[in-house]
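Commentary on secondary and tertiary structure
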Amino acid sequence: MGTLVEEIISNRLGRQVQAGDTVVAPVDCALAHDVTAPLAIEAFERMQMPLHDPGRVVLVFDHVMPAATVAAAELHQRVRRFAAEHSVRNLFAEGICHIIMVEKGYARPGGIVVGADSHSTTYGALGCFSAGMGSTDVGVILATGQTWFRVPETLRVSVTGELTPPLTAKDVALSVLRRIGGDGADYMAVEWGGEAVERMTLDQRLTLANLSADMGGKAGLCEVDETTLRHTRPADGDTIPRLHSPRYADVLEIDVSALQPQVAVPPAADNVRDVAEVAGTPIDEVFIGSCTNGRLEDIEVTAQ
């Protein structure tokens with residue numbers, strides 16, 4: 001009996017857990033990028049232990065790529081030396097880390113993934129438990145292959161109605177952020193569901209899971225369905241998580257039929273307004289390609 005996050009962890013541990021339990025769980029994959037990897041490597045080396053499994057480590061250069069300064073280039077060198085010394089072959093410099101984790105199949109339904117980046121919640125769109133942790137925590141995972149955490153309570157966000165252009169998943173997530181604030185889901189699993197989410201593409205669900213971090217969420221999750229399974233399958237031995245009489249800490253209802261296009265304005269991500277309220281505001285610079293909205297569908301919208 002449980003929410004998605006409770007079922008994932010229960011399946012992996014072979015026993016039933018519930019929100020509030022402290023557990024030690026195996027980690028399928030640990031991610032770090034060019035800013036956080038050097039700190040994780042430093043923590044790992046202080047432990048003076050062998051690398052647990054090179055195949056479960058993913059390193060990505062994406063925050064300062066190509067290196068814009070000598071200092072950044074030296075950090076890249078540091079990470080490359082570590083990868084060479086420990087036979088880590090999963091080293092990438094070809095895109096945003098959170099997109100690579102999905103495209104390369106490192107995150108799968110029913111799995112547990114940890115990243116040294118707050119938006120590692122993104123992979124929960126695939127029905128896995130994925131969370132951001134500090135570089136020191138990731139350094140320990142490199143040595144042990146596991147980590148401890150408290151099983152989070154769950155905020156269920158039920159999204160109903162028809163999401164029609166120009167509305168996107170980003171508008172849905174921003175509307176929730178507007179209602180609950182940047183700390184409204186602190187250390188909670190934000191579980192996205194309802195008829196509107198069921199009709200979303202995987203790209204759109206990735207946006208929901210990604211922005212769960214901006215609400216303070218420990219994780220952001222979507223249920224596994226045919227849309228999910230067209231892109232990925234559970235790893236051998238993993239179970240597809242299913243809801244079993246879940247008990248939620250809170251439930252939030254969103255009817256997108258009445259939703260207006262949303263925009264976050266300075267100074268904070270949760271300072272959200274209807275686009276109509278700020279229409280006409282001069283814009284000096286636009287960047288397309290963030291981890292929240294840097295996928296092909298987003299670029300298509302921009303082109304149109």
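The structure under discussion appears in the preceding block.
Residues numbered from 1 in each chain as written. Predicted model: local features only at pLDDT ≥ 70, side-chain atom pairs only at ≥ 80, totals over all residues. Heavy atoms only, no water.

1. Structural notes on the nonpolar core
- Leu-59, Phe-82 and Phe-129 are the most contacted members of the largest nonpolar core, which totals 37 residues.
- Leaving out residues up to four positions away in the same chain, Phe-129 has contacts with Val-5, Ile-8, Gly-111, Ile-112, Val-113, Phe-149, Pro-152, Lys-218, Ala-219 and Leu-221.
- Counting residues in each nonpolar core, the second largest holds 27 residues, with Val-157, Ala-169, Val-190 and Met-215 among its members. (Core = buried A, V, L, I, M, F, W, Y, C linked by side-chain atoms within 4.5 Å. Buried < 20%, exposed > 50% of the residue type's maximum accessible area, 1.4 Å probe, protein only. Contact = heavy atoms within 4.5 Å.)

2. Some remarks on the sheet that holds strand S10 (residues 219–222)
- Spatially, four strands are ordered S10-S9-S8-S11 in an open sheet, and the strand pairing comes out parallel. Each end of this open sheet is capped by a strand with a single partner; those strands are S10 and strand S11 (250–255). For this sheet the average axis-to-axis angle between neighbouring strands, irrespective of direction, equals 20°.
- Helix H6 (residues 169–180) contacts strand S8 (153–160), strand S9 (188–193) and S11 of the sheet and is inclined by roughly 130° relative to S11. (Pairing = 2+ DSSP bridges. Helix = DSSP H or I, 4+ residues; strand = E, 2+ residues; numbered from the N terminus. Axes fitted to C-alpha atoms, helices over the stretch in contact; angles between N-to-C directions.)

3. With respect to unusual backbone geometry
- Residue Met-65 is joined to Pro-66 through a cis peptide bond whose omega torsion reads 0°.
- One can find Pro-66 in the loop between strand S3 (57–60) and helix H3 (70–85).
- Going from Pro-165 to Pro-166, the amide bond is cis rather than trans, its omega being 10°.
- For Pro-166, the location among the structural elements is in the loop between S8 and H6.
- Although it is not a glycine, Tyr-187 adopts a positive phi angle of roughly 50°.
- Summarising the element assignment, Tyr-187 is placed in the loop between H6 and S9.

4. Comments concerning the environment of Arg-81
- Following the sequence through the fold, Arg-81 ends up in helix H3.
- Sequence spacing of Arg-81 and Gly-111 is 30 residues, and the spatial spacing of their C-alpha atoms is 29 Å.

5. What to know about the layout of surface pockets
- Its volume calculated, the largest pocket comes out at about 1,600 Å³.
- Grouping the amino acids of the lining of the largest pocket by side-chain chemistry returns 23 nonpolar, 13 polar and nine charged.
- As a volume, the second largest pocket reaches approximately 300 Å³.
- Listing elements by their share of the lining of the second largest pocket, those giving two or more residues are helix H4 (97–103), helix H8 (202–211) and helix H11 (296–303).
- Residues belonging to the lining of the second largest pocket are distributed by class as follows: seven nonpolar, five polar and five charged. (1 Å grid on protein atoms, 1.4 Å probe; cavity = no way out; pocket = protein on both sides within 12 Å on 5 of 7 lines; lining within 4 Å. Points joined across faces, edges and corners; volume = space filled by probe spheres on them. Nonpolar A, V, L, I, M, F, W, Y, C, P; charged D, E, K, R; others polar.)

6. Looking at empty space enclosed by the protein
- Per the stated rule, a full pass over the model turns up two cavities of 30 Å³ or more.
- For the largest cavity, the calculated volume is near 60 Å³.
- In terms of lining, the largest cavity is formed by Val-27, Cys-29, Ala-30, His-52, Asp-53, Arg-56, Val-57, Ile-141, Leu-142 and Gly-145.
- The calculated volume of the second largest cavity comes to roughly 50 Å³.
- Along the walls of the second largest cavity sit Ala-30, Leu-31, Ala-32, Ala-37, Ala-40, Ile-41, Val-57, Val-58, Leu-59, Phe-82, Val-138 and Leu-142, which together make up its complete lining.
- Sorting the residues of the lining of the second largest cavity by element identifies strand S2 (29–33), helix H2 (37–47), S3 and helix H5 (135–144) as the ones contributing at least two each.
- Along the lines of polarity and charge, the residues of the lining of the second largest cavity split into twelve nonpolar, no polar and no charged.

7. Looking at the packing of H6 against H8
- Running from N to C, H6 and H8 point in directions that differ by 25°, and their axes come no closer than 8 Å. On the basis of their axis angle, the class for H6 and H8 is roughly parallel. Crossing hand, H6 versus H8: right-handed. Residues Ala-169, Lys-170, Val-172 and Ala-173 of H6 form the contact with H8, whose own contacting residues are Gln-204, Thr-207, Leu-208 and Leu-211. (Parallel < 35°, antiparallel > 145°, perpendicular 65-115°, else oblique. Left-handed = near helix turned anticlockwise from the far one by under 90°.)

8. A closer look at a nonpolar patch on the surface
- A grouping of Ile-283, Val-286, Ile-288 and Ile-299 is seen on the molecular surface, where their side chains present a nonpolar patch of about 410 Å² in accessible area.
- With respect to the helices, strands and loops of the structure, Ile-299 is situated in helix H11. (Patch = residues over 30% accessible without salt bridge, like charges linked within 9 Å, V, L, I, M, F, W, Y side chains within 5 Å. Areas by Shrake-Rupley, 256 points an atom, 1.4 Å probe, with all protein chains shown as cover. Salt bridge = Lys/Arg side-chain N within 4 Å of Asp/Glu carboxyl O.)

9. Notes on H3
- Taking 1.5 Å of rise per residue, 16 residues should cover 22 Å, and H3 covers 22 Å from first to last C-alpha, within 8% of that figure.
- For H3, the full list of buried residues reads Ala-72, His-76, Val-79, Phe-82 and Ala-83. Projected down its long axis, H3 shows its buried positions confined to an angular sector of 125°, all on one face. Facing away from the buried side of H3 by over 90 degrees, the exposed positions are Val-70, Ala-84 and Glu-85.
- Where H3 is buried, its residues meet H2, S3, strand S4 (91–92) and H5.
- In the segment just after H3, Ser-87 is the residue with positive phi, at about 60°. (Expected span 1.5 Å × (residues − 1). Arc of directions from axis to C-beta.)

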